[in-house]
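Spelled out, the chains give:
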Amino acid sequence: MLISDFDYELPPKLIAQEPLSERQASRMLIVDRASGTFRDGQFTEFPRLLNDGDLLVLNNTKVFPARLFGRSETGAKIEIFLVKEIEHRVWESLARPARRLHEGKIIVFSDHLSAEVLEKSADGKVVIRFAPTDDLETRMDEIGKTPLPPYIKRDASDIDADRDRYQTVFARKRGAIAAPTAGLHFTPGILNAVKKRNIPVAEVTLHVGYGTFEPVKTEDLDQHSVSPERYEISAENVELLNRAKSDRRRIVAVGTTTTRALESNLAKFGEFTPGEHLAGLTIVPGYRFAAVDALLTNFHLPRSSLLVLTSTFGGHELIMNGYRHAVAAGYRFYSYGDCMLIV
């Protein structure tokens, strides 16, 4: 298939710019693959829509304030977006404006934090090395801002109002530059409702990185590949996953990152296997899902690898019709938007 098959018209007014005041207040489009139908619902229905014996799987990654604002030695304003830690104190980053930076340039972020540019590539990426400091994470937290996606047109350079809201309530392991947004709808109350039904909850850790959002650069999806990302599954959670699979119980994934981690793990090892591994799987039409039986996900950008994954899971025609319905019905889209449950 072609990436143009995953395009749709989205009025800008439907791109959610602010989170709802209540996490669980989102709308939820409920898609039934067996009947080829969908209906409008609310996320508060989610616990009731789970089956007895289901295993719910969450991505417990935690977003860190990856946007840093500083000045060069000449006083020019520089914004650095940390993308990937290469080694201690050394980060691959996006810079704006990149034209002001070159190898050896020093960027000063605060009295306690500065960095040197080690490399600069033609695509605007720079590799920086932070100067030694007593606690780098603490210094980042003091001055860093939440790395909101570019389609959220709000200035986050002054007040970081999103630090708590752009974080799942079950976030535990620091390292993501973006939230696993399907998890943003959950509250402690919703999780308690799930647990009251004696539905076990497992966790994986995939630190959402730039690879998740890289644009698809080829028209033919057979030539498309998503950059690998590291994930981790503990032995305790692997036991829950393997037991659910052997008992033929549904595995319900919260988010595309959770899905990619689970599918990559099972595809590589044949059974769920603990440890830190690389999610190198690119899911395109024709892929047969082996790990995940139901998927909760937000609405994704047109022509994106995340929409390709979601459509591959739910069926291209059904999911694209669902998206067109969501647009017509005024659903809120993207990170702070509404969600879709595919069963």
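Residues numbered from 1 in each chain as written. Predicted model: local features only at pLDDT ≥ 70, side-chain atom pairs only at ≥ 80, totals over all residues. Heavy atoms only, no water.

Q: Teacher, can you tell me more about the pattern of salt bridges here?
A: When charged atoms on two side chains of opposite charge get close, those side chains can pair. As enumerated under the stated definition, the model contains 18 salt bridges in all. Between Glu79 and Arg67 there is a salt bridge, with the nearest N and O atoms lying 2.9 Å from each other. One end of the pair, Glu79, is in strand E6 (residues 77-87); the other, Arg67, is in strand E5 (residues 67-72), and 12 residues separate them in sequence. A relative accessible area of 11% means that Glu79 is categorised as buried. On the accessibility criterion, Arg67 (12% relative accessible area) is buried. (Salt bridge = Lys/Arg side-chain N within 4 Å of Asp/Glu carboxyl O. Helix = DSSP H or I, 4+ residues; strand = E, 2+ residues; numbered from the N terminus. Buried < 20%, exposed > 50% of the residue type's maximum accessible area, 1.4 Å probe, protein only.)

Q: Looking at this model, I keep getting lost on helix H5 (residues 235-246). Mind explaining?
A: Since the α-helix packs 3.6 residues into each turn, any two residues three or four apart lie on the same face. The end-to-end C-alpha distance of H5 is 16 Å, a good match for the 16 Å that 12 residues give at a rise of 1.5 Å each. For H5, the complete set of buried residues consists of Asn237, Val238, Leu241 and Ala244. Buried residues of H5, seen end-on, are gathered within an arc of 130° and therefore sit on one face of the element. Away from its buried face by more than 90 degrees, H5 exposes Ala235, Glu236 and Ser246. On the buried face of H5, the contacting elements are strand E3 (55-59), strand E12 (201-206), strand E13 (229-233), strand E14 (251-254) and helix H6 (256-269). Looking one or two residues beyond H5, the residue adopting positive phi is Arg248, at roughly 60°. (Expected span 1.5 Å × (residues − 1). Arc of directions from axis to C-beta. Contact = heavy atoms within 4.5 Å.)

Q: Even after reading the chapter, I still don't get the sheet that holds E14, so can you show me in this structure?
A: The strands making up a sheet associate through hydrogen bonds between their backbones, and the pairing can be parallel or antiparallel. Here we have nine strands laid out as an open sheet, ordered E2-E1-E17-E16-E14-E3-E12-E13-E15, and mixed in their pairing. Each end of this open sheet is capped by a strand with a single partner; those strands are strand E2 (37-42) and strand E15 (275-279). On average, each strand axis in the sheet is tilted by 25° relative to the strand beside it, whichever way the strands run. Where strand E1 (residues 27-32) and E2 come together, six bridges link them in antiparallel fashion. Within E2, the residue paired with Ile30 across the bridge is Arg39. The strands that helix H8 (residues 316-328) touches are E1, E2, strand E16 (294-298) and strand E17 (339-342); relative to E2, the one it contacts most, it runs at about 45°. (Pairing = 2+ DSSP bridges. Axes fitted to C-alpha atoms, helices over the stretch in contact; angles between N-to-C directions.)

Q: It is not clear to me how the packing of aromatic side chains should be interpreted in this structure. Could you clarify?
A: The way to describe two aromatic rings as a pair is by their centre distance and the angle between their planes. For the coordinates displayed, the defined rule picks out 17 aromatic pairs. Geometrically, the ring pair formed by Phe170 and Phe186 is edge-to-face, given 6.0 Å between the ring centres and 75° between the ring planes. Of this pair, Phe170 sits in the loop between helix H2 (136-143) and strand E11 (173-176) while Phe186 sits in the loop between E11 and helix H3 (188-196), and the two are 16 residues apart along the sequence. Phe186 shares its class with Phe170; the two are buried. (Phe/Tyr/Trp six-rings, centres within 6.5 Å; stacked < 30°, edge-to-face > 60°.)

Q: Please explain the sheet that holds E5 as it appears in this structure.
A: In spatial order, the strands read E5-E6-E7-E10-E9-E8; together these six strands close into a barrel with antiparallel pairing. Going from strand to strand, the sheet's axes swing by 45° on average, the running direction of each strand aside. Relative to E6, E5 is paired through five bridges, and the arrangement is antiparallel. Its bridge partner lying in E6, Phe69 is registered against Glu79. Lying over the sheet, H2 contacts E5, E6, strand E7 (90-96), strand E8 (106-110), strand E9 (113-120) and strand E10 (125-130), oriented at roughly 100° with respect to E9.

Q: Help me understand the packing of helix H7 (residues 305-314) against H8 in this model?
A: Geometry of a packed helix pair, given as the angle between the helix axes and the separation of the axes. The interhelical angle for the contact between H7 and H8, taken along N-to-C directions, is 120°, at an axis separation of 6 Å. When the axis of H7 is compared with that of H8, the two are oblique. The hand of the H7/H8 crossing is right-handed. Along the contact surface, H7 presents Leu307, Thr310, Ser311 and Gly314, while H8 presents His316, Leu318, Ile319, Met320 and Tyr323. A per-class count over the contact of H7 with H8 returns five nonpolar, four polar and no charged. (Parallel < 35°, antiparallel > 145°, perpendicular 65-115°, else oblique. Left-handed = near helix turned anticlockwise from the far one by under 90°. Nonpolar A, V, L, I, M, F, W, Y, C, P; charged D, E, K, R; others polar.)

Q: What exactly am I supposed to notice about the environment of Met340 here?
A: Residue position: Met340 is located in strand E17. Along the sequence, Met340 and Ile3 sit 337 residues apart, while their C-alpha atoms lie 21 Å from each other. Here Met340 is in contact with Met28, Leu29, Val31, Leu295, Leu296, Thr297, Phe299, Thr310, Ile319 and Tyr323, once residues within four sequence places are set aside.

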